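Structural features, examined
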Amino acid sequence: MLRRMAHTPHTGDSEQALSTLDAAARAHAEDLAAWLAVSTSPYHAVANAAARLEKAGFRRLLETDAWDGAAAEAGGRYVIRGGALIAWWVPEGAGPATPFRIVGAHTDSPNLRVKPLPDTGRAGWKQVAVEIYGGTLLNTWLDRDLGLSGRLVLRDGTPVNVLVDRPLLRVPQLAIHLDRQVNDGLKLDRQQHLMPIWGLGRPVEGELIAFVAGEAGVAADEVAGWDLMVHSVEPPAFLGRDRELLAAPRLDNLLSVHAGTTALVNATTTGGAGEDGPVIPVLAAFDHEENGSQADTGAEGPLLGGVLDRMIAARGGSPEDRARAFAGSVCLSSDTGHAVHPNYPERHDPDHRPVAGGGPILKVNVNQRYATDGVGRAVFADACERAGVPWQSFVSSNAMPCGTTIGPITAARHGIATVDIGVAILSMHSARELCGTADPYLLTRALEAFVSAPGPAGGVR
């Protein structure tokens, strides 16, 4: 299942080594599948990451508390703000100018989200009014059994996560008898054609939120606000004769959040200090990447910079220490990328052909849609070599527009050297995406090597 790449000969030379790697990759993929099944919203993804961090000895810090004592001590800490999480582990001997090794990712995925006045309907059907979030493939939400998740906010400001993980809603497609040209090209009106059905009869104001409140175990009259979204209730599945493919929702980008969380937890026992002294591993899992990152929980907001500044100040750091720490820091912005689609190979660059099962990808765009440069390539190659995993290069065809990530935003906002990487998938932004079973594990191995010991320095550019 694992492909040997010519430029990374460290994946093992024996069938026994490959078999061992396959077993570890499968176990990792099964854990990822279980994670994806319950991380149906950014709030659930953050809560699940926090639970794993807590089990590993990390402790939560509140932004409203003073950090002078707790944040200066060795050990793991994390901060939650809405659907975003920043977590870090301070090794023994870390000083105020100790550089960071940051894994950046995002918790949100394109989907349908509930409007402020959700109860609607016509023609004897009860429906839910939704907005389109992010650049979703609209047709992938048709004729699927959908659940509902997110959070309710009580009158006192307390958020309560809620998950209705059973068939509750459905967006029915028009029968072919009423649209004879549908197979020549489906056109969906974003306002008219994507309102899910959830019952029979006339809509009743307040009915949906009262139902969701009951599912969450709170009184409906205590609910003052909500951030709710739909999700497919079909569980992740392994495909192929040898189960070498993983089909699942929200691979973009909870695959990277899961990998980053795992790498950070493992860094508490495998490293954090190299020949040039300690580094501080950091996981930055932002929200709202799919609509531009312009939010207080997004990569363009102040969350990461504020947390890093407070960490440095808690250890007695000065502006000079901050400048030194940032100059020596590196961020791997991990997000999914495009594997070559076998039915549309002409849409891809003819000389850069990432494949599922080939290991993580290095994403390059000279127009800074990705932040990778030559130094970044060296950082990533070093991490993969130390981890013993293969890697691939990705660049878009010149004839196609290139997507972007949190990478350029992070680099520009904080002045931290940033490298864009990820895992190659198919069906990106679908309600259900596809990747190689081995690739999430290989990405995690590379991230572990990156955060556990310093490679090429970010400040040497």
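In this text, all values refer to a predicted model and were calculated from it rather than measured experimentally.

This brings us to the sheet that holds strand E12 (residues 245–248). Read from one edge to the other, the open sheet built from 5 strands follows the order E11-E12-E22-E21-E17, with strand pairing classed as mixed. Each edge of the open sheet carries a strand with a single partner, namely strand E11 (237–239) and strand E17 (337–338). The pairing of E12 with strand E22 (residues 433–436) spans 4 bridges and is antiparallel. Note on E22: the bridge partner recorded for leucine 245 is glycine 436.

Throughout the structure, instances matching the rule amount to 16 salt bridges. Here arginine 243 and glutamate 30 are joined by a salt bridge, their closest N and O atoms 3.7 Å apart. Here the residue arginine 243 occupies a position in the loop between E11 and E12, and glutamate 30 occupies one in helix H1 (residues 15–38), the gap between them amounting to 213 residues. Arginine 243 sits in the partly exposed class, given a relative accessible area of 38%. For glutamate 234, the salt bridge is made with arginine 144, and the minimal N-O distance between the two is 3.3 Å. Within this pair, whereas glutamate 234 is found in the loop between strand E10 (223–232) and E11, its partner arginine 144 is found in the loop between strand E6 (125–133) and strand E7 (146–154), the two being separated by 90 residues in sequence. Among the charged side chains, a salt-bridge network with shared partners connects Asp143, Asp145 and Arg170.

Per the stated rule, a full pass over the model turns up 5 aromatic pairs. When the centroid spacing of 5.8 Å and the interplanar angle of 35° are considered together, the rings of tryptophan 67 and tryptophan 88 count as tilted. Of this pair, tryptophan 67 sits in the loop between strand E1 (59–60) and strand E2 (75–81) while tryptophan 88 sits in strand E3 (residues 84–90), placing them 21 residues apart in sequence. Residue class for tryptophan 67 comes out buried when judged on its relative accessible area of 3%. Ring centres of phenylalanine 100 and phenylalanine 326 lie 6.4 Å apart, and the angle between their planes is 85°; on these two criteria the pair is classed as edge-to-face. Of this pair, phenylalanine 100 sits in strand E4 (residues 100–106) while phenylalanine 326 sits in helix H6 (residues 319–327), and the two are 226 residues apart along the sequence. Taken individually, phenylalanine 100 and phenylalanine 326 each receive the classification buried, so the pair is uniform in this respect. Here the basic side chain of arginine 113 rests over the ring of tyrosine 133, its NZ or CZ set 3.6 Å away from the ring centre. Against the face of phenylalanine 326 rests arginine 322, its NZ or CZ located 4.0 Å from the ring centre.

Calculation rules
Residues numbered from 1 in each chain as written. Predicted model: local features only at pLDDT ≥ 70, side-chain atom pairs only at ≥ 80, totals over all residues. Heavy atoms only, no water. Pairing = 2+ DSSP bridges. Helix = DSSP H or I, 4+ residues; strand = E, 2+ residues; numbered from the N terminus. Salt bridge = Lys/Arg side-chain N within 4 Å of Asp/Glu carboxyl O. Buried < 20%, exposed > 50% of the residue type's maximum accessible area, 1.4 Å probe, protein only. Phe/Tyr/Trp six-rings, centres within 6.5 Å; stacked < 30°, edge-to-face > 60°. Lys NZ or Arg CZ within 6 Å of the ring centre and 35° of its normal.

Taken by themselves, the reported measurements are silent on function.
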